[in-house]
Amino acid sequence: MNVELTRFRVKPGKSSVVDEWLRFLNEHMSDVLITLEGEKMWVETIFREELNGDEYLYWYSVQGEGGQEVEQSDHWIDKKHLEYWDACIDPDFRPVDLRTEVVMIPEKIRGAMK
C-alpha cells in the first residue's frame, strides 16, 4: 500500500479553470470512482490552498500495489481529467511529496483494500 500527499502549483491565472475542474470531478463522481478501481486507488482526495500569492493543489492518496496509471486509461473521464491537469498544473514547479510519518488505518480496513 502506498500513502502519499503531494503538492502541485497551479499556473498563474488558472484559478477559475481549477474551479471548473474540481466541479467537473464532483459532478461526474460515479464515473471517477469507476476509474479508481483500475488504479487500485482506494482513497484519493484533492485539497486546495493559497500560500504567499500562489495557488496549490494537494493530492492525498492511498493506493494498492500494481494499479494502472491514470495516463494509461482509455476512459473518457481520465482523458478529461488529464486535459484539466495540463491546463492548470505548472510544469515548471517540481511537485513536493510530503514525508509520510504515521499511517493509521485499522487492519479490517487495510484488509478490505487488498
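Residues numbered from 1 in each chain as written. Predicted model: local features only at pLDDT ≥ 70, side-chain atom pairs only at ≥ 80, totals over all residues. Heavy atoms only, no water.

Digging into helix 2 (residues 29-39)
When we look at burial in helix 2, the residues that qualify are Val32, Thr35, Leu36 and Glu39. Down the axis of helix 2, the buried set is contained in an arc of 110°. They therefore lie on one face. Facing away from the buried side of helix 2 by more than 90 degrees, the exposed set consists of Ser30, Ile34 and Glu37. If you follow the buried residues of helix 2, they end up packed against helix 1 (15-27), strand 2 (41-51), strand 3 (54-63) and helix 3 (76-88). In the segment just after helix 2, lysine 40 is the residue with positive phi, at about 55°. (Buried < 20%, exposed > 50% of the residue type's maximum accessible area, 1.4 Å probe, protein only. Helix = DSSP H or I, 4+ residues; strand = E, 2+ residues; numbered from the N terminus. Arc of directions from axis to C-beta. Contact = heavy atoms within 4.5 Å.)

Some details on the environment of leucine 25
Mapped onto the fold, leucine 25 is located in helix 1. Sequence separation of leucine 25 and lysine 80 is 55 residues, and the distance between their C-alpha atoms is 9.6 Å. Among all residues touching leucine 25, those that are not within four sequence positions of it are Val32, Ile46 and His81.

A closer look at the pairing of strand 1 (residues 2-9)
The side chains of a regular strand alternate between the sheet's two faces. As paired elements, strand 1 and strand 3 share eight bridges and run antiparallel to each other. Bridge assignment links asparagine 2 to a residue of strand 3, and that residue is glutamine 63. Two elements, strand 1 and strand 4 (residues 96-97), share two bridges in a ladder whose sense is antiparallel. Looking at strand 4, one finds that threonine 6 is bridged to aspartate 97. (Pairing = 2+ DSSP bridges.)

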